[in-house]
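As a plain string of letters, each chain reads:
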Amino acid sequence: MNHKSEDSAKVLQTRRMLAAQLIRLLENKNFKKITVNDICQSAMISRSAFYLHFEDKYHLLHYCLEEELERWKHAMRNKSVDEFILYILDCVLDKKNFYYNTIATETDREVTSMFQKVFQQFFWNYLKERQEAGCTFPGPLSITSAFYAGGLATSTAQWIQNDFIIPKEEIAACQKALISPLIDSMH
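Residues numbered from 1 in each chain as written. Predicted model: local features only at pLDDT ≥ 70, side-chain atom pairs only at ≥ 80, totals over all residues. Heavy atoms only, no water.

Colleague: I tried to follow the overall build of the protein on my own but got confused; where do I start?
Modeller: If you tally the helices and strands in the protein, you get 9 helices and 0 strands. Listed by position from the N terminus, the elements making up the protein come as α-α-α-α-α-α-α-α-α. Dimensions along the principal axes, computed over C-alpha positions, put the protein at roughly 60 × 45 × 20 Å. When each of the 187 residues of the protein is scored for burial, the buried share is 41%. Restricting to contacts in the protein with at least 6 residues of sequence separation, those with at least 24 account for 68%. Total accessible area on the protein is roughly 10300 Å²; 53% of this is exposed by carbon and sulfur atoms. In the protein, 22 side chains carry a positive charge and 23 a negative one; their mean positions are 4 Å apart. (Helix = DSSP H or I, 4+ residues; strand = E, 2+ residues; numbered from the N terminus. Buried < 20%, exposed > 50% of the residue type's maximum accessible area, 1.4 Å probe, protein only. Contact = heavy atoms within 4.5 Å. Areas by Shrake-Rupley, 256 points an atom, 1.4 Å probe, with all protein chains shown as cover. Lys, Arg positive; Asp, Glu negative; His and termini not counted. Charge placed at Lys NZ, Arg CZ, Asp CG, Glu CD.)

Structure follows, in structure tokens:
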């Protein structure tokens, strides 16, 4: 192993460790109230080491959300719409406090944007396959997928902001019912 790849591995390891500590802290504390010092103490590293890897706590949060987004993108292959919606809601519930303590702050747009990206990519792929099979849609795929992704992203963010009052199965059924005109029009 050369020094460059060793350094890259160490950087990645440190970034992941800092991300894990932020996620752990968000289990019990609102993002607004978490400081870089809190993260450093939890990770047992110096502030200067933190700043070698991230500009600030918002940059670290963005890194955490991007990692989650990549995990979701990988998992969305070969899922039906129902399976995909339930998968995302399960992922959110698995890190319930992380999402609640993140979305309850000014960072909620970033989380909603993450949902928007993953839903839009899913619908783009889903609709593209149907289009290739001969289905038609009311408009361009980019507009149709953005429309449905926006509704799913916003309703998921609202579910989190309302502290998951609605059971997962009920929100999934509601979301499916709202997109069913699109799905039904493809048969």
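Colleague: How should the packing of helix α6 (residues 96-103) against helix α8 (residues 141-161) be read in this particular structure?
Modeller: Helices that pack against each other are described as a pair by the angle of their axes relative to one another and the distance between those axes. One can describe the packing of α6 onto α8 by two numbers: an axis separation of 9 Å at closest approach and a directional angle of 95 degrees. The orientation of α6 with respect to α8, classified from their angle, is roughly perpendicular. Residue-level contacts link Tyr99, Tyr100 and Ile103 of α6 to Ala157, Ile160 and Gln161 of α8. Looking at the contact of α6 with α8 residue by residue, the classes come out as 5 nonpolar, 1 polar and no charged. (Axes fitted to C-alpha atoms, helices over the stretch in contact; angles between N-to-C directions. Parallel < 35°, antiparallel > 145°, perpendicular 65-115°, else oblique. Nonpolar A, V, L, I, M, F, W, Y, C, P; charged D, E, K, R; others polar.)

Colleague: Can you help me understand the state of the cysteines in this one?
Modeller: Following the criterion strictly, the structure yields 0 disulfides and no others. Left without a disulfide partner, Cys64 is nearest to the cysteine sulfur of Cys40, which lies 14 Å away. Take Cys91: it sits in no disulfide, and the sulfur closest to it among the cysteines is that of Cys64, at 15 Å. Given a relative accessible area of 3%, Cys91 falls into the buried group. (Disulfide = S-S within 2.5 Å.)

Colleague: In this structure, what is going on with helix α9 (residues 168-184)? I would like to understand it.
Modeller: Think of an α-helix as 3.6 residues a turn; residues three or four steps apart then line up on the same face. For α9, with 17 residues, the first-to-last C-alpha span of 23 Å sits near the 24 Å given by 1.5 Å per residue. The largest bend along α9 measures about 45 degrees and falls at Leu178, with the proline Pro181 one to four residues further on. (Expected span 1.5 Å × (residues − 1). Bend = angle between axes of the 7 residues up to and from the residue.)

Colleague: Please clarify how the pattern of salt bridges should be interpreted in this entry.
Modeller: It is possible for side chains of opposite charge to pair when their charged atoms get near one another. Overall, the coordinates contain 8 salt bridges when judged by the stated rule. Between Arg71 and Glu68 there is a salt bridge, with the nearest N and O atoms lying 2.7 Å from each other. In this pair, Arg71 and Glu68 are both assigned in helix α4 (residues 57-75), 3 residues apart and thus about one turn of the helix distant. Relative accessible area serves as the criterion here: at 4%, Glu68 is assigned to the buried category. Of the charged contacts, one joins Lys168 and Glu169 as a salt bridge, the two residues approaching to 3.9 Å between their closest N and O atoms. Classification of Glu169 as exposed rests on a relative accessible area of 52%. Taken together, the salt bridges that share partners define one network made up of Glu68, Arg71 and Lys95. (Salt bridge = Lys/Arg side-chain N within 4 Å of Asp/Glu carboxyl O.)

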